[in-house]
Amino acid sequence: YIYNLGRRSLSHWSNDMGLPLLKSLPKELTSRSEPVARIVSNSATPQRFILGSHGYFCAVDLDQPVPERSSMFPPDHLRAKRLQLIKEDDATMFCPPPGKKSKSNHARETSTNFTICLRYSEILFQDFIAENEMVIVEQPWMSILEELPDALARRVYGS
């Protein structure tokens, strides 16, 4: 939720989303196993912010409508393909009746709002260092594994 300190109440965006908020957010964001660990904002665009975790970050624009589904970047990433399979399974379970789609519904489906970026893994730090200039520090698992010492020789008794 976004709280407006000046009005001492929830912001208009939070009120428009309804309660509970989880039902209004894209499923790709709410069903992730890793929780949001950071919120980063750019001083050049105060209506936009980034929700970040250790394996992804999500760009949010408060002026755009919230889509039913998030888009993934890059779309050919392994984790994006895995989520695509889950989407297809959900679509076969729930197929709405065929009919005309309204313009607002089509805009919700093709929105770039809540785009999830999977390009980075094991993000240690993420912040804006200047207007429209962000730094991301990551430490991939392979570099951690390379720094570990070799296994110790162990004698096996009784064999």
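Everything below is about the structure shown above.
Overview of the structure. Values in this document were obtained by computation on a predicted structure and should not be read as measured data.

1. Some points on the pairing of strand S4 (residues 45-52)
Argument step 1. Sheet topology places strand S3 (residues 38-42) next to S4; five bridges connect them, and they run antiparallel. Directly across from serine 41, in S4, lies its bridge partner phenylalanine 49.
Argument step 2. Following S3, the chain reverses through two residues before pairing antiparallel with S4.
Argument step 3. By the bridge criterion, five bridges tie S4 to strand S5 (residues 57-61) in an arrangement that is antiparallel. Bridge pairing in S5 links glycine 52 to phenylalanine 57.
Argument step 4. The turn linking S4 back onto S5 is made up of four residues.

2. Section: the pattern of salt bridges
Argument step 1. Counted according to the given criterion, the structure contains two salt bridges.
Argument step 2. Glutamate 28 is the salt-bridge partner of arginine 69, the closest N and O atoms lying 3.4 Å from each other. Note that arginine 69 is positioned in the loop between S5 and strand S6 (72-73) and glutamate 28 in helix H2 (residues 27-30), a separation of 41 residues in sequence.
Argument step 3. Judged by relative accessible area, glutamate 28 falls into the buried class, the value being 3%.

3. Considering unusual backbone geometry
Argument step 1. For the bond running from leucine 19 to proline 20, omega is -10°, close enough to zero to count as cis.
Argument step 2. Locating proline 20 in the fold gives a position in the loop between helix H1 (12-17) and H2.
Argument step 3. Following phenylalanine 73, the chain continues into proline 74 via a peptide bond in cis, with omega recorded as -10°.
Argument step 4. With respect to the element layout, proline 74 can be found in the loop between S6 and helix H3 (78-93).
Argument step 5. Backbone geometry at arginine 8 places phi at a positive 60°, although glycine is not the residue there.
Argument step 6. In this structure, arginine 8 sits in the loop between strand S1 (3-4) and strand S2 (9-10).
Argument step 7. At phenylalanine 114, a position not held by glycine, the phi torsion is positive, near 60°.
Argument step 8. Take phenylalanine 114: it is sitting in the loop between helix H4 (103-109) and strand S7 (115-117).
Argument step 9. According to the relative accessible area criterion, phenylalanine 114 is buried, its value standing at 2%.

The rules behind these values
- What you see as residue numbers is a count from 1 along each chain, following the sequence as written.
- For this predicted model, a pLDDT threshold of at least 70 governs which residues receive local features, and a threshold of 80 or more governs which side-chain atom pairs are given and counted, while totals over whole chains, interfaces and linings are taken from all residues.
- Hydrogens and water molecules were not included; the side-chain quantities draw on all heavy atoms of the structure.
- DSSP calls a pair of strands paired once it identifies at least 2 bridges connecting them.
- The numbering of helices and of strands both runs from the N terminus, where a helix is a DSSP run of H or I of at least 4 residues and a strand a run of E of at least 2.
- When a carboxyl oxygen of Asp or Glu lies within 4 Å of a side-chain nitrogen of Lys or Arg, that pair is called a salt bridge.
- Burial status follows relative accessibility: with a 1.4 Å probe on protein chains alone, a residue under 20% of its type maximum counts as buried, one over 50% as exposed, and anything between as partly exposed.

Geometric descriptors of this kind do not, in isolation, establish any biological role.
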